[in-house]
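# Structural description and commentary
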Amino acid sequence: MTDYKNLIDGKMVDNGQWLEVLNPATEQVVGRVPSCGKEELDSAVAAARRAFTQWKKTTAEERQQVVQGISAAIKENADELYRLLTSEQGKPHAQAQQEIYGAAGLAAAQSTLTLDDVINQDDDTRLSRTRRVPVGVVGGIVPWNFPIMMAIQKIVPALVAGCTIVLKPSPFTPLTTLRVAELIKDVVPAGTVNIITGEDTLGPLITEHPDIDKITFTGSTATGKKIMEGASGDLKRITLELGGNDASIVLPDADVQKVAEQLFWSSFSNAGQVCIAAKRIYIHEDIYDDLSKAIADYAKTVVVGDGSQQGTGVGPIQNKKQYERVLDLIQDAKDNGYKFLTGGDKDPSGTGYYVPITILDNPPEDARIVAEEQFGPVMPLMKFASVDEVIERANNSEYGLAGAVWTKDTDKGVEIAEQLETGTVWINEFMQLSPFAPFGGHKQSGFGAEYGIDGLKEFTYPQVITVKRDAAV
Ligand code: NAD
């Protein structure tokens, strides 16, 4: 077991009070991290504030170089990092590798983003120009499903925009983030990136801190609402990436054998703990029987187990609370007599937070497993008859994060996509985010955007400078 320290003002530090982190596959402690409160937060914020006075004056090229250094440090240490990530998060090694390399790639790509000045008016009367000014010190709060990707997608745009940041990982998955902190300690100027760990109670202290200017948060909708409330005291800027209940719609012309495996992974990657996983799959009645059988047959070939073992396709649920929630949803489906194509039958008393791959056969629209975000390896397949009907059912959700349409007729796919009330819709693929396109949710899936120029702008405010050219002075 290793102790991991926090990064504050360019130094790795601890306060002698520790939180234990469990491996969800074994329920054994894999590491300890500092348990911080107001005092440590105050020093991290003060360091970020001091660093901001210099960092905001750097050029875009200087900031780009620093961010590329972060990308390189992650890539060079990818082997160590992905193993550590599996040990705390549970995801299979191959998916942990994807996350680590994905985070390095995201940092490299986003380092190239710049916010150029915009000329609003340039004539004999007046020159009016908009420049983007960094907001200041950012508080970043991230969840446990993609700890490194989420940390990078907060740290990088903050730095690129000219802000400094205090980041709090989830108490369930702080280890890899603190190892990255150690690796980038000498890459970033002291105080620009601070990473501190603590229980959930550290979150509201960040949200309400008087010297933090903006909160960027990824996590549940329930916590997002608390953050909005906490940040309202001094009108902090906020970006919220929250939950989703994404619908996939499969039209009758889709090739059953070709889409079955892709649909499976669109739901079960990372054991279903993905905000943009397909959480409801609507299949046209003409192909429902064949496709649901093909998905269930494929599911039976996928191994559920310890992510560090070769051959594992689906790892454990990341933490006990979520594990119990997913088991409760399965029990509810059983109690209501819904039909299972696979799963739903395991005794949950063994070691490790394992849930069998569970696929439900056409449960009703008001079933909890359809209406709620499951965030686990449980997928409801539902039958539909007409496009109008399925659009209405897909949109009948408090969430609006993403969705997908599967069809050979891509024009038809786009026509349906344009009627879905979500921030992203994929045609014939899933979970593809571009570093250059905005990612954000509609309705209760979020507020604002990350990624791309739109995401970068959220770390700045527009300042308009006007020069009157024909002034009588
Ligand atoms: P969570 O909301 O419980 O926790 C997220 C983070 O918030 C953690 O760091 C936690 O310590 C902190 N936190 C908890 N209470 C807080 C409070 N009152 N104030 C401030 N911070 C607080 O979410 P989770 O269980 O870690 O993650 C799962 C959820 O995240 C799912 O709903 C999922 O859909 C969502 N998610 C969304 C996206 C997205 O981009 N939209 C991505 C990943 C996960």
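Here is a short report on the structure shown in this document. (Residues numbered from 1 in each chain as written. Predicted model: local features only at pLDDT ≥ 70, side-chain atom pairs only at ≥ 80, totals over all residues. Heavy atoms only, no water.)

### Considerations on the pairing of strand S12 (residues 237–241)
- The buried count for S12 comes to four of five residues, which makes it a mostly enclosed element.
- Direction of pairing for strand S11 (residues 214–218) relative to S12: parallel, over a ladder of five bridges. Bridge pairing links isoleucine 215 to isoleucine 238 in S12.
- Note on the crossover from S11 through helix H8 (residues 221–231) to S12: the handedness is right-handed.
- The pairing of S12 with strand S24 (residues 446–447) spans two bridges and is antiparallel. What sits directly across from leucine 240, in S24, is phenylalanine 447. (Buried < 20%, exposed > 50% of the residue type's maximum accessible area, 1.4 Å probe, protein only. Helix = DSSP H or I, 4+ residues; strand = E, 2+ residues; numbered from the N terminus. Pairing = 2+ DSSP bridges. Right-handed = clockwise from strand over helix to strand, strands pointing away.)

### What to know about the environment of lysine 168
- Tracing the chain through its elements places lysine 168 in strand S9 (residues 164–168).
- According to the relative accessible area criterion, lysine 168 is buried, its value standing at 3%.
- Sequence spacing of lysine 168 and glutamine 318 is 150 residues, and the spatial spacing of their C-alpha atoms is 18 Å.
- Aside from chain neighbours lying at most four places away, what touches lysine 168 is Gly140, Ile141, Val142, Ile196, Gly198, Glu199, Leu202, Gly203 and Ile206. (Contact = heavy atoms within 4.5 Å.)

### Regarding the site of the ligand
- What surrounds the ligand is a group of 29 residues, the closest being Val142, Asp200, Ser220, Leu242 and Glu373.
- Interatomic distance of 2.6 Å between a side-chain N/O atom of glutamate 373 and an oxygen atom of the ligand.
- Here the ligand is seated within the largest pocket.
- Of all elements in the fold, only helix H7 (202–207), S11 and H8 reach the threshold of two or more residues within the shell around the ligand.
- The residue makeup of the shell around the ligand, split by class, is 15 nonpolar, nine polar and five charged.
- A domain-level breakdown of the shell around the ligand finds at least three residues from each of domain 1 (2–242 + 445–465) and domain 2 (246–427). (Near = heavy atom within 4 Å. Polar contact = N/O pair within 3.5 Å; in protein donor to acceptor, adjacent residues only side chain to side chain. 1 Å grid on protein atoms, 1.4 Å probe; cavity = no way out; pocket = protein on both sides within 12 Å on 5 of 7 lines; lining within 4 Å. Sits in = over half its atoms within 2 Å of the grid points. Nonpolar A, V, L, I, M, F, W, Y, C, P; charged D, E, K, R; others polar. Domains from an automatic or database assignment.)

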